[in-house]
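Chain residues, written in single-letter form:
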Amino acid sequence: MTSCYGFLRVASGVPKVNVADCEANAQHIVECIEKACLNDVQLLVMPELCVTGYTCGDLFGQSALLRGALNAIEFIAKSTSERNIAVVVGAPIAYGGRLYNCAVMICGGKVVGVVPKTYIPNYREFYEKRWFASSATLPAEASIVVGGNEVPFGCDVLFAIGDAKVACEICEDLWAPLPPSTQAAVNGANVIVNLSATNELVGKHDRLMELIRHQSGSCLAAYIYSSCGYGESTTDLVFAGNAIVAEMGEVIDMGKRFCTDEQLVIADIDIERINNARMISSSFGDSTAVLSADYCLVTLDVDDNICRRGDLRRRVEKNPFVPADDEKLHRRCEEIFNIQTEGLMRRLRHTRVSSLVIGVSGGLDSTLALLIAERAFHRLGYDNRNIIGITMPGFGTSDRTLSNALSLMRAMGITIKEIPIRDAVMQHFKDIEHSSDVHDATYENSQARERTQILMDCANKYNGIVLGTGDLSELALGWATYNGDHMSMYGVNAGIAKTLVKYLVKWIAENVAVEAWGEASRVTLLDIVDTPISPELTPTDAQGNIKQKTEDLVGPYELHDFFIYNMLVYGYSPRKIYFLAKNAFDGEYDAATLKKWLTTFCRRFFAQQFKRSCLPDGPKVGAISLSPRGDWRMPSDACAALWLKECENLD
């Protein structure tokens, strides 16, 4: 079975090899198997023809070599008899008067299936047709006797390890226009292994990486690639030893090239993630009608062995919305900035309004929305004075946020209006008979709705639209006042998680601000980035500092964004999210804290759907949108009982 959290532990191995020395090669392979077992590997993949060596040339026509290969396979198989692992090795196998370049699946002390190579290269440095036949020459439902056992033989064989379905292809198969793995994938294979002997040429490795990423992405599968290395003949070619594990377009781990030592690259691939992605991909499902075929399924006896906490062999991103690589983060921010800007430009042109109204608090979200508004006006050639930036100081407005809001608006040259809301809200409290000393939801929401009324009425007055500022994280948690800051004519931040908003504002400060609005704007933006996140709806402290901090009330946004991403993108349950969070935030949050805020998230996410069911328009910019017209369609009265019960039972 696969792991109880949906993971399969795999390894790509590059063993030592002596060309044509099957006995020595088998011993090296067994040593790799032993190392893999010490690391609880469930599936180990070895290179193409590793039992004999890929570069044997015309020795493949020698009976001694072929007998040696079969003996080596039996030796390797016996080494697995008491081990909890499946191993794929490359070897030449004779059948029906032809020789085939094969992937041999071994498990439980015996060979359980053999998959021959389909596309036999015979160009430039390759002469494989001199020795090997294609799988296309085999009869349907072929079988072969190896080690005294009759097993399936063909490229139409899949191997099951719990929820994982493994298909094999060999080297050139990946480079073909229609790789065997494509057909295998749409017929159930979610793990592809490639036994290869790719030689090194200038620029070839980059192309190889592109192919692996593409194939694992288009097939919605994991891809384990193992290529022969040091020890192969260098008479005419050099083999660098590639060990690569990819999953759905992303390289999970890889070894070093040109390494003279054996390699074993171990990673946990997420079968649940793959299967969930396939369920929601209509294109993937439709492909089965085009490439449907009958496959033989061989079930392998490999047990679960990686359920232990803290033993996950893959990187779990703490901030899934924010790339860890600086260059990638720069590209991501630039792309999102342009998506937001173009979305607003189109809305402004379509509505033919002469102005745009935005509430500017000096917080992160309203700052980002204002920056997008100014860039949209700049690109459209509109006058910045037609951006009406309105500050609406209330009971909790701090000097810091108000000062930053005014400073930024002045730098941009927009129209500034300051409309305090205290008197209006106090009159409202009097009208509805609510004490201003009671700082409850009525106290807070009255301020939010008063501000929204001002923005809407000003939009009417100035023939404009109200630009929304709320972000994806707030929408997921329902951290918005219904028909208050929840409402606008266009929500430019609706697709951006809170953790990413901070990086976007910082990116704009460092890459756009000075040239666009001067050095002072950069300083202001960086101070906004460092300001605590707050709705500023309850009074400040005696020194005028922010006292109401959102993350103290609703929980850390870095946790909620982690929960949002893993639940909505991957469809994970609370139990798996909790497991991943313990790995990602090890040493930062204890288990009780993770459980508390995950429970809060699940409760709020379900309870607050009614706010998302009537969202204003807004652009999708990443993997998730909560728009009822876009990615997320959920009834407002859906029950959270299953999720909350699972949270309750977490330990």
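Use the structure listed above.
If you're wondering where the values come from, they're calculated on a predicted model, not measured in any experiment.

Definitions and limits used
Think of each chain on its own: its residues are numbered from 1, step by step along the sequence as written. The predicted origin of the model limits local features to residues at a pLDDT of at least 70 and limits the giving and counting of side-chain atom pairs to 80 or more, whereas totals for whole chains, interfaces and linings rest on all residues. With hydrogens and water stripped out, all remaining heavy atoms of the structure feed into the side-chain values. When two rings of Phe, Tyr or Trp (its six-membered ring) have centres within 6.5 Å they constitute a pair, described as stacked for plane angles under 30 degrees, edge-to-face for angles over 60, and tilted for the intermediate range. Helix and strand assignments come from DSSP, with helices taken as H or I runs of at least 4 residues and strands as E runs of at least 2, each series counted from the N terminus. Note on classification: 1.4 Å probe, protein chains only; a residue is buried when its accessible area is under 20% of the maximum for its type, exposed when over 50%, partly exposed between these limits. Geometrically, a lysine NZ or arginine CZ counts as sitting over a ring once it is within 6 Å of the ring centre and also within 35 degrees of the ring normal. We call two residues in contact whenever any of their non-hydrogen atoms come within 4.5 Å of each other. Two strands pair if DSSP finds at least two bridges between them. Lines fitted to the C-alpha atoms define the axes, with helices restricted to the stretch that makes contact. Angles between their N-to-C directions range from 0 to 180 degrees. Cavity and pocket criteria rest on a 1 Å grid covering protein atoms alone: a 1.4 Å probe that fits but cannot get out defines a cavity, protein on both sides within 12 Å along at least 5 of 7 lines defines an open pocket, and an atom within 4 Å of a point defines a lining residue. Grid points are joined across faces, edges and corners, and a volume is the space filled by probe spheres set on the points.

Engineer: Hey, could you go over the packing of aromatic side chains for me, with residue numbers and the actual values?
Structural biologist: Applying the stated criterion to the full structure yields 25 aromatic pairs. Plain terms: the ring middles of Tyr 5 and Phe 579 are 3.8 Å apart, the flat faces sit at 10° to each other, and that makes the pair stacked. Remark: Phe 579 occurs in helix H18 (residues 574–584) and Tyr 5 occurs in the segment before strand E1 (7–14); sequence separation between them is 574 residues. Pairing Phe 395 with Phe 429 gives two aromatic rings, centres 6.4 Å apart and planes at 20°, and the pair type is stacked. Taken as a pair, Phe 395 in the loop between strand E17 (387–391) and helix H10 (399–412) and Phe 429 in helix H11 (residues 422–432) lie far apart in primary sequence, 34 residues in all. For the pair Phe 395 and Phe 429, a shared accessibility class is recorded, and that class is buried. Note that Lys 204 overlies the ring of Trp 175, its terminal NZ or CZ placed 5.6 Å from the centroid. Positioned above the aromatic ring of Phe 605 is the side chain of Arg 612, whose terminal nitrogen or guanidinium carbon lies 4.1 Å from the ring centre.

Engineer: Tell me what's going on with H18, and back it up with residues and numbers.
Structural biologist: Counting buried residues in H18 gives 10 out of 11 residues, a clear majority hidden from the surface. Of the surrounding secondary structure, the elements contacted by the buried residues of H18 are E1, strand E14 (263–270), helix H6 (271–280), helix H17 (557–568), helix H19 (591–607) and helix H21 (641–648).

Engineer: Explain the sheet that holds strand E5 (residues 110–116) to me, using residue names and the numbers behind them.
Structural biologist: Read across the sheet, 6 strands follow the order E5-E4-E3-E2-E1-E14 without closing on themselves; strand pairing throughout is mixed. Every interior strand has two partners, whereas the edge strands, E5 and E14, have only one. Across this sheet, the average inter-strand angle for adjacent strands is 30°, counted without regard to direction. As paired elements, strand E2 (residues 43–45) and strand E3 (residues 86–95) share 3 bridges and run parallel to each other. Within E3, the position partnered with Leu 43 by the bridge is Ala 86.

Engineer: I'd like a description of the layout of surface pockets, backed by residues and values.
Structural biologist: Of the voids in this model, the second largest pocket is the one considered here, and its volume is about 890 Å³. Lining the second largest pocket are 34 residues, with Glu 250, Glu 317, Pro 320, Tyr 565 and Tyr 570 positioned closest to its centre. The set of elements that each furnish at least two residues to the lining of the second largest pocket consists of strand E13 (250–254), helix H8 (326–351) and H17.

Engineer: Lay out unusual backbone geometry with the relevant residues and their values.
Structural biologist: A positive phi angle, close to 50°, is found at Leu 49, a residue other than glycine. Within the secondary structure, Leu 49 is located in the loop between E2 and helix H2 (63–79). You can call Leu 49 buried: its relative accessible area is 0%. The phi dihedral of Arg 124 falls on the positive side, at around 45°, and the residue is not glycine.

Engineer: Any details on the pairing of strand E7 (residues 149–152)? Residues and values, ideally.
Structural biologist: With 4 bridges connecting them, strand E6 (residues 143–146) and E7 associate as antiparallel partners. Paired with Ile 144 across the strands is Val 151, a residue of E7. Count of turn residues in the E6/E7 antiparallel hairpin: 2 residues, of which Gly 147 carries a positive phi of about 65°.

Engineer: Summarise the sheet that holds E17; cite the residues concerned and give the values.
Structural biologist: With parallel pairing, 5 strands are arranged side by side in an open sheet as E18-E17-E16-E19-E20. The open sheet has two edge strands, strand E18 (415–418) and strand E20 (490–491), and neither has a second partner. Here strand E16 (residues 355–359) runs beside E17; their pairing, made up of 4 bridges, is parallel. If you follow Val 357 over to E17, its bridge partner there is Ile 388. Running over the sheet, helix H9 (residues 364–380) touches E16, E17 and strand E19 (464–468) and is turned about 165° from E16.

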